[in-house]
Amino acid sequence: MIPHTDANDTELLQRMLAGDEEALTTLYRRRQGGIYRFVMQMCGSRVLAEDVTQEVFIVLIRDAQTFDPARGSLNSFLVGVARNLLLQRLRRERFYAPLEEDEAEQTPIYNSANVEPLEDLSRTEAIASLRAAVSALPTRYREVVVLCDLQEISYVEAAEVLGCAVGTVRSRLHRGRALLIEKLRPARKEQATSAAAKSTRCFA
Amino acid sequence: MNCQSFEIIVNDLARDQIMDATVREQALLHSTSCETCAVRFRDEQTLTHGLRELAVLMQAETTPESIEASLVAEFRSRRPGQRASSPNGFLPIAAGGGESRGSYWVYAGVAAALVVGVVIALGVTAVRFRNATAVSEPVESSGKTPSPDNVANHTDSAAPVTATVRGSVENQENPVEHTPRRNAKRLRVAKNTVTVQSLNIMAPDLEVTTDFIPIAFGNASNVQEGGQVVRLELPRYAMARFGVPVNEERYDERVKADVWVGADGFARAIRFVQ
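As the structure is a computational prediction, the values presented were derived from the model and not from experiment. (Residues numbered from 1 in each chain as written. Chains lettered and ligands numbered in written order. Predicted model: local features only at pLDDT ≥ 70, side-chain atom pairs only at ≥ 80, totals over all residues.)

## Re the overall build of chain A
Step number 1: When helices and strands are tallied, chain A shows 10 helices and zero strands.
Step number 2: Ordered by position in the sequence, the α and β elements of chain A form the string α-α-α-α-α-α-α-α-α-α.
Step number 3: With 204 residues in all, chain A has 41% of them scored as buried. (Helix = DSSP H or I, 4+ residues; strand = E, 2+ residues; numbered from the N terminus. Buried ≥ 20, exposed ≤ 12 C-beta atoms within 10 Å, placed from the backbone.)

And the structure:
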């Protein structure tokens, strides 16, 4: 028999369904971090992230039969459950407190006019600003940024988690990143210049 | 490559995603020749760098051990492979199924069932109401609702067969005050009165009769006390008072009727004969 640590997720799930407690703990230790961080990056609340992570694995214990390997990996399934639970909780508790636009603009992470924008700010401040900007994104863009950029999962997996097409993930990511850049860029005079620059783009 | 094409792939380029080597070279070449796209590329690279730093910083974040312990306890409390219903009403949520669509469908189903139930109830009520009004509608639409005087005159001119019968008609208290709906209700009551129906003994086999209709001042239950049935003729419009539909074209024709006269000499019920 393959050791638990070498077994893939599906095998561990099968063993867990057969009553193997160690399979559950192995699976949990392997996947809890990603789920926890995903939720935390989505909502910024440690308590909520812990709750949702626990609920995800309770769902797995109680309703593991709902997982269909044909529809995607177990990790995608778990993150998808986490996402749905999180959105439910947020909707129910109205947890969202969107950051003010001004706040994000007052603490820019970088200025694209500089060659090395992050030099302008301390690293901590920059990260804090970036985190705030991500939290302030609309949900549909935030989740793809979190999944693809922070969790670094593939477009295909993100599509499985979100239940949408890969093209949708790509376009949302593109839009989400553009919004992030806009939020992190100080409100400035160069809007006019950027508009002018747009018109001078070369269309070869 | 132009700026539009560059814009499409700038994300993947900045994120070091796998792409065609030729496209990559062309994009990089374009970013060196176009200042706007170069700035755009730098922005994307900076953002990617910042996001990766953020991801690395959060890599250390993990759940407390108490969660694992509680999950193991939960697992132990269940038999292997057993699928129990959740005690707190928790609904399983499949991945990629949208945002809690399962619970939405449950709520939507319940709401749809309620709506269908209300519609059916309203429909049944409407049909019943329509049936009730349909019975009395000819009277209402005739526009010639007979007045007590008219009825009395017609009764007089009709030269009733017996005094008893005549008396029974004349002694009716404000017979026209019965609204069509009340008459219809009375008619239904008469149809359900088995005792009265059992009195249909005088009608020849070829005759078609209505059920006995209790007359307002009488009591249909008194038929047990005895009495007799008397055949007489009445103007057709007299039928309207008892909630029986009347054909306007034959309004003045005469119609046969059987009147059940009680032992006390009062008319108890009436039925019409064709």
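The rest of the description comes next.
## Some details on the nonpolar core
Step number 1: Counting residues in hydrophobic clusters, the biggest one holds 55 residues, and the most contacted among them are Ile35(A), Val39(A), Val56(A), Leu78(A), Ala82(A), Val145(A) and Ala158(A).
Step number 2: The element contributing the most residues to this core is helix H2 (residues 21–43) of chain A, with 11 residues.
Step number 3: The two domains that each donate at least three residues to this core are domain 1 (1–97) and domain 2 (100–186) of chain A.
Step number 4: For Ala158(A), the residues in contact, after removing those within four places along its chain, are Val144(A), Leu147(A), Cys148(A), Ile153(A) and Val169(A).
Step number 5: Counting 20 residues, the second largest nonpolar core, distinct from the first, contains Ile213(B), Ala267(B), Ala269(B) and Ile270(B). (Core = buried A, V, L, I, M, F, W, Y, C linked by C-beta atoms within 7 Å. Domains from an automatic or database assignment. Contact = placed C-beta atoms within 7 Å.)

## Focus: helix H1 (residues 9–17) of chain A
Because each turn of an α-helix spans 3.6 residues, side chains separated by three or four positions in sequence point in the same direction.
All names here are of chain A.
Step number 1: Turning to H1, its buried residues number three or more, namely Leu12, Leu13, Arg15 and Met16. Across the axial projection of H1, the buried residues extend over an arc of 165 degrees, all falling on one side.
Step number 2: Buried positions along H1 lie against H2 and helix H4 (74–93).
Step number 3: Gly19 sits one or two residues past H1 and shows a positive phi near 105 degrees. (Arc of directions from axis to C-beta.)

## Things to note about the confidence of the model for chain A
Residue and element names in this part refer to chain A.
Step number 1: Per-residue confidence for chain A averages 79 on the pLDDT scale, and 76% of its residues sit at or above 70.
Step number 2: Taking the mean pLDDT of every element in chain A, the minimum, 43, falls on helix H5 (residues 101–106) and the maximum, 92, on helix H7 (residues 139–150).
Step number 3: Predicted confidence for residues 100–112 stays below pLDDT 50, and this span has 33 contacts to residues more than four positions away or in other chains.
Step number 4: Overall, residues 187–192 carries pLDDT values under 50, and its contacts beyond four positions in sequence, including any with other chains, amount to two contacts. (pLDDT = per-residue confidence, 0-100.)

## Considerations on the packing of H2(A) against helix H3 (residues 46–63) of chain A
All names here are of chain A.
Step number 1: Where H2 meets H3, the closest approach of the two axes is 8 Å, and the angle between their N-to-C directions is 140 degrees. For the element pair H2 / H3, the angle class is oblique. For the pair H2 and H3, the crossing hand works out as right-handed. Contacts between H2 and H3 involve Tyr28, Gln32, Ile35, Tyr36, Val39, Met40 and Cys43 from the first element and Arg46, Leu48, Ala49, Val52, Thr53, Val56 and Phe57 from the second. (Axes fitted to C-alpha atoms, helices over the stretch in contact; angles between N-to-C directions. Parallel < 35°, antiparallel > 145°, perpendicular 65-115°, else oblique. Left-handed = near helix turned anticlockwise from the far one by under 90°.)

## Structural notes on helix H8 (residues 155–162) of chain A
Residues and elements named next belong to chain A.
Step number 1: Counting buried residues in H8 gives six out of eight residues, a clear majority hidden from the surface.
Step number 2: Every buried residue of H8 is accounted for by Glu157, Ala158, Ala159, Glu160, Val161 and Leu162.
Step number 3: Structurally, H8 contributes buried residues whose contacts are with H4, H7 and helix H9 (166–184).
Step number 4: Downstream of H8 by a residue or two, Gly163 has a phi angle that is positive, lying close to 70 degrees.

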